[in-house]
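Read off the chains here:
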Amino acid sequence: MTETTVPGLTKARLWMVLIALMIAVLLASMELSITSTALPTIAGQFDAFESFAWVGTAYIAAAAIGTPVLGKLSDLYGRRLIFQVTMGLFILGSLLCGLSQSMNQLIGARAVQGLGGGAIQALAFAILGDILPPRERGRYIGYFTLAFVGAALLGPLIGGFIIDQWSWPWIFFINIPLAGGAAIVSYIALDLPFPRREARLDIVGAVLLAITIGSLMIALGEGGRTGWTQPLVVGLFVVVLIGLVLFIAVERRASEPMIPLRLFHDRVVLCCVIAGMCAGTLAFGAGQFLPLYFQDSLFVSPTASGLRMLPQMIGVTLGTFGIGRMILWTGRYKAFPVIGSAIAIAGLYAISHITGTTAYGLLIVPMIAMGFGMAAVFTTTSIATQNAVEFHDLGVATATIMFFRSLGGSFGLAVFGTILTATVRKEIPERLGVSADEAASLIREPDDIRALAQASRTAVVDSVASGVGRVYLVCAGVMVVGLVASILMPERPLRPRAGLSDALEEAATAMV
């Protein structure tokens with residue numbers, strides 16, 4: 001069989017690795033899109049509308065915590081072992097989600113699922129960095145984006161179909177056999193040479209990171225629900241500030257830091273982190289709210305809601321495959337996140353003007369623009385970051401990029417959920433003369449909203465549309481920051497060899 005750029009890795013085994021990783025990425029990515037169409041039904045069943053955003057926030061926040069920890073472990077002990085750990089966490093979390101009997105149980109189970117799900121994507125891209133040269137990586141990242149796009153395309157449709165035909169727990173149960181199969185295949189195919197090194201894991205840094213991120217997410221959620229001056233909220237923000245200061249101090253002294261601060265001295269990495277975080281806010285934060293708008297303001301079914309998200313995924317497909325090929329052909333990458341960010345801003349600003357009576361046709365082009373923009377940033381920042389660092393930092397650098405994407409998404413979900421809830425609790429009482437709590441209780445399953453009296457139904461429809469519009473306006477402002485970061489990002493020649501090949505050659509030279 002023909003060898004690839006990594007000794008011992010035939011093309012047949014390369015494709016075994018790629019297929020297993022694509023399935024894993026598909027499942028992990030689908031956990032955001034598949035739940036988006038189901039969340040209105042789940043929130044209605046548990047009578048927990050105000051906890052709506054936390055189902056997504058728990059997954060993304062846990063992913064933000066687990067990604068750098070597991071990414072660093074993969075640098076120390078090999079991708080194969082740590083990838084199996086992430087798959088195990090994902091399968092366990094999926095089982096617990098399906099068995100949940102309350103919204104709080106579901107949120108907790110989503111956190112377990114997120115610990116594995118976030119790291120799956122980071123490790124998949126790190127493995128690509130091990131076995132593929134940066135210039136060729138653009139071609140193969142297209143296949144992985146196909147998995148991401150497939151998740152985004154299939155997720156809402158599968159989620160809607162399951163809700164319409166069966167029950168929401170099966171959204172999570174379907175992960176178990178598929179993820180188990182991918183774990184077995186990857187275990188067999190990833191038996192590759194890996195230059196291990198002895199080092200101590202930065203446990204103190206990991207604990208501080210978890211405390212800081214967890215406190216931030218709870219503070220954002222509670223602040224939007226009870227008020228930003230409440231003692232609990234203020235106390236949590238104090239914990240966040242102290243945790244951040246301590247985390248930075250620990251990372252400066254750690255021999256193997258969770259997030260090496262020296263990475264940020266590289267302008268390529270720094271700009272990629274900022275641009276990726278902004279795109280993550282858009283992809284993982286705002287992506288939950290259009291399906292809510294379609295169901296609660298336009299009264300379409302979960303399946304139809306998923307179908308209406310297709311234009312965004314068309315944009316993602318165009319962005320990822322088109323840009324991946326352009327990077328392969330030209331060997332250059334800087335222009336693509338600049339163009340993509342500008343296009344995304346225009347799309348987001350257009351979507352921000354939605355009302356309860358906006359025609360769906362007016363949203364198609366803006367949704368394509370939004371998808372294209374996020375794909376342009378994701379594809380380019382992954383390649384540019386891996387190209388900028390040495391092999392021994394490949395896993396942690398990839399995990400750092402994914403961490404900040406997830407952090408942007410979790411921050412966005414919490415803030416956007418707060419914006420939506422605040423809008424509902426303000427506008428409905430002004431229209432109907434009811435209390436804020438009574439206003440929130442009006443938003444349940446779409447059929448329940450449709451059954452409301454005319455005045456109440458109109459108030460709910462318009463307030464949800466107004467809140468979602470404000471979410472996308474804020475997203476446009478966030479992507480302006482991403483545009484500036486993309487403009488300031490330097491461009492460097494793409495390396496011609498795979499990271500693992502260079503590392504093995506260096507190790508062999510050192511032994512001579």
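Source: prediction; values computed, not measured. Starting afresh in each chain, residues are numbered from 1 along the sequence in its written order. Whole-chain, interface and lining totals are the exception, using all residues; otherwise, since this is a predicted model, local features are given only for residues with pLDDT of at least 70 and side-chain atom pairs are given and counted only at 80 or more. Only hydrogens and water are removed before side-chain values are computed, so all heavy atoms of the structure are retained for them.

Please provide a residue-by-residue account of helix H8 (residues 175–189), values included.
Only DSSP runs of H or I covering at least 4 residues are called helices, and only runs of E covering at least 2 are called strands; the numbering of each starts at the N terminus. Multiply 1.5 Å by the residue count of a helix minus one, and that product is the helix's expected span. Over its 15 residues, H8 extends 21 Å from the first C-alpha to the last, a length consistent with the 21 Å expected when each residue adds 1.5 Å. Each residue is assigned to one of three classes by its accessible area relative to the maximum for its type, calculated with a 1.4 Å probe on protein chains only: buried under 20%, partly exposed between the two thresholds, exposed over 50%. For H8, every residue scored as buried is listed here: Asn-175, Ala-179, Ala-182, Ala-183, Ser-186 and Ala-189. Viewed along the axis of H8, the buried residues span an arc of 140 degrees, placing them on a single side of the element. Turned more than 90 degrees away from the buried face of H8, the exposed residues are Pro-177, Ile-184 and Ile-188. An arc is given here, and it is the one of the directions from the helix axis to the C-beta atoms.

Please set out the environment of Asn-175 residue by residue, giving values where relevant.
Summarising the element assignment, Asn-175 is placed in helix H8. Residue Asn-175 is classed as buried on the basis of its relative accessible area of 0%. Taking the C-alpha atoms as reference points, Asn-175 and Glu-31, separated by 144 residues in sequence, lie 9.2 Å from one another. Ignoring sequence-local partners within four residues, the contact set of Asn-175 consists of Leu-27, Glu-31, Phe-90, Ser-94, Gln-113 and Gly-180. Residue contacts follow a heavy-atom distance rule, with two residues in contact if any of their heavy atoms lie within 4.5 Å.

Could you give me a rundown of the nonpolar core, with the residues and numbers involved?
Only buried residues count toward a nonpolar core. Its members are Ala, Val, Leu, Ile, Met, Phe, Trp, Tyr and Cys residues joined through side-chain atoms within 4.5 Å. In terms of nonpolar packing, the biggest core is built from 144 residues, with Phe-144, Phe-289 and Tyr-472 touching the most fellow members. Counting residues per element, this core draws most heavily on helix H17 (residues 394–432), at 15 residues. Among residues more than four places away in sequence, those in contact with Phe-144 are Leu-18, Leu-21, Met-22, Val-25, Ala-124, Phe-125 and Leu-128.

How would you summarise the environment of Arg-252 if you had to cite specific residues and measurements?
Summarising the element assignment, Arg-252 is placed in helix H10 (residues 231–253). Residues Arg-252 and Arg-262, 10 residues apart in the sequence, show an inter-C-alpha distance of 8.8 Å.

So what's going on with the packing of aromatic side chains? Residues and values would help.
Planes of paired rings set the category: under 30 degrees apart is stacked, over 60 is edge-to-face and the rest tilted, where pairs are Phe, Tyr or Trp rings (Trp by its six-membered ring) whose centres lie within 6.5 Å. Evaluated as defined, the whole model comprises 5 aromatic pairs. Ring geometry for Tyr-293 and Phe-294: centres 5.7 Å apart, planes at 55 degrees, overall tilted. We note that Tyr-293, like Phe-294, is buried. Look at Phe-294 and Tyr-360: their rings are 5.9 Å apart centre to centre, the planes differ by 75 degrees, and that puts the pair in the edge-to-face class. On the criterion of sequence distance, the pair formed by Phe-294 in helix H12 (residues 289–296) and Tyr-360 in the loop between helix H15 (335–351) and helix H16 (364–388) is long-range, its members being 66 residues apart. Exposure remark for Phe-294: the relative accessible area of 0% places this residue in the buried category. Of the residues examined, Tyr-360 reaches a relative accessible area of 22% and is grouped as partly exposed. Chaining the aromatic ring pairs together yields one cluster made of Tyr-293, Phe-294 and Tyr-360. In our convention, an over-ring charge means Lys NZ or Arg CZ found within 6 Å of a ring centre and within 35 degrees of that ring's normal. Lying over the aromatic face of Phe-294, Arg-308 brings its terminal NZ or CZ to 5.8 Å of the ring centre. The ring of Tyr-360 is capped by Arg-308, whose NZ or CZ atom sits 4.8 Å from the centre of that ring.

I'd love a proper account of the environment of Gln-101, names of residues and values included.
Assignment of secondary structure puts Gln-101 in the loop between helix H4 (79–98) and helix H5 (103–131). Counted as a polar contact is a pair of N or O atoms within 3.5 Å, where, for protein atoms, one must be capable of donating a hydrogen and the other of accepting one, and residues adjacent in sequence contribute only when both atoms are in side chains. From its side chain, Gln-101 meets the backbone oxygen of Leu-99 in a polar contact 3.2 Å long.

Give a detailed account of the side chain of Ser-341, specifying residues and quantitative values.
Structurally, Ser-341 can be placed in helix H15. Classification of Ser-341 by relative accessible area gives buried; the value is 0%. Setting aside residues up to four positions removed in sequence, Ser-341 forms contacts with Val-377, Met-479, Gly-482, Leu-483 and Ser-486.

Mind laying out the pattern of salt bridges, listing which residues take part and the relevant values?
Salt bridges, as used here, are contacts in which a Lys or Arg side-chain nitrogen is within 4 Å of a carboxyl oxygen on Asp or Glu. Counted according to the given criterion, the structure contains 5 salt bridges. Measuring nitrogen to oxygen at the nearest pair gives 2.8 Å for the salt bridge that ties Arg-492 to Asp-266. Remark: Asp-266 occurs in the loop between H10 and helix H11 (267–285) and Arg-492 occurs in the loop between helix H20 (454–488) and helix H21 (499–511); sequence separation between them is 226 residues. Between Arg-470 and Glu-427 there is a salt bridge, and its shortest N-O distance comes to 3.1 Å. With a gap of 43 residues between them, Arg-470 in helix H20 and Glu-427 in helix H17 connect regions that are remote in the sequence. According to the relative accessible area criterion, Arg-470 is partly exposed, its value standing at 39%.

Explain the packing of H15 against H20 residue by residue, including any values.
Note on geometry: axes are lines fitted to C-alpha atoms, helical ones only across the stretch in contact, with angles between N-to-C directions running from 0 to 180 degrees. Where H15 contacts H20, the axes come no closer than 8 Å and their chain directions differ by 170 degrees. Classed by the angle they form, the pair H15 and H20 counts as roughly antiparallel. For the pair H15 and H20, the crossing hand works out as left-handed. Taken together, the residues of H20 that come into contact with H15 (itself represented by Pro-337, Val-338, Ser-341, Ala-342, Ala-344, Ile-345, Leu-348, Tyr-349 and Ile-351) are Tyr-472, Leu-473, Cys-475, Ala-476, Met-479, Val-480, Gly-482, Leu-483, Ser-486 and Ile-487. Note on residue classes: Ala, Val, Leu, Ile, Met, Phe, Trp, Tyr, Cys and Pro are nonpolar, Asp, Glu, Lys and Arg are charged, and everything else, Gly too, is polar. By residue class, the composition of the contact of H15 with H20 is 16 nonpolar, 3 polar and no charged. Here the word oblique covers every angle except those under 35 degrees (roughly parallel), over 145 (roughly antiparallel) and from 65 to 115 (roughly perpendicular). Should the near helix be turned anticlockwise from the far one by less than a right angle, the crossing is termed left-handed; should it be turned clockwise, right-handed.

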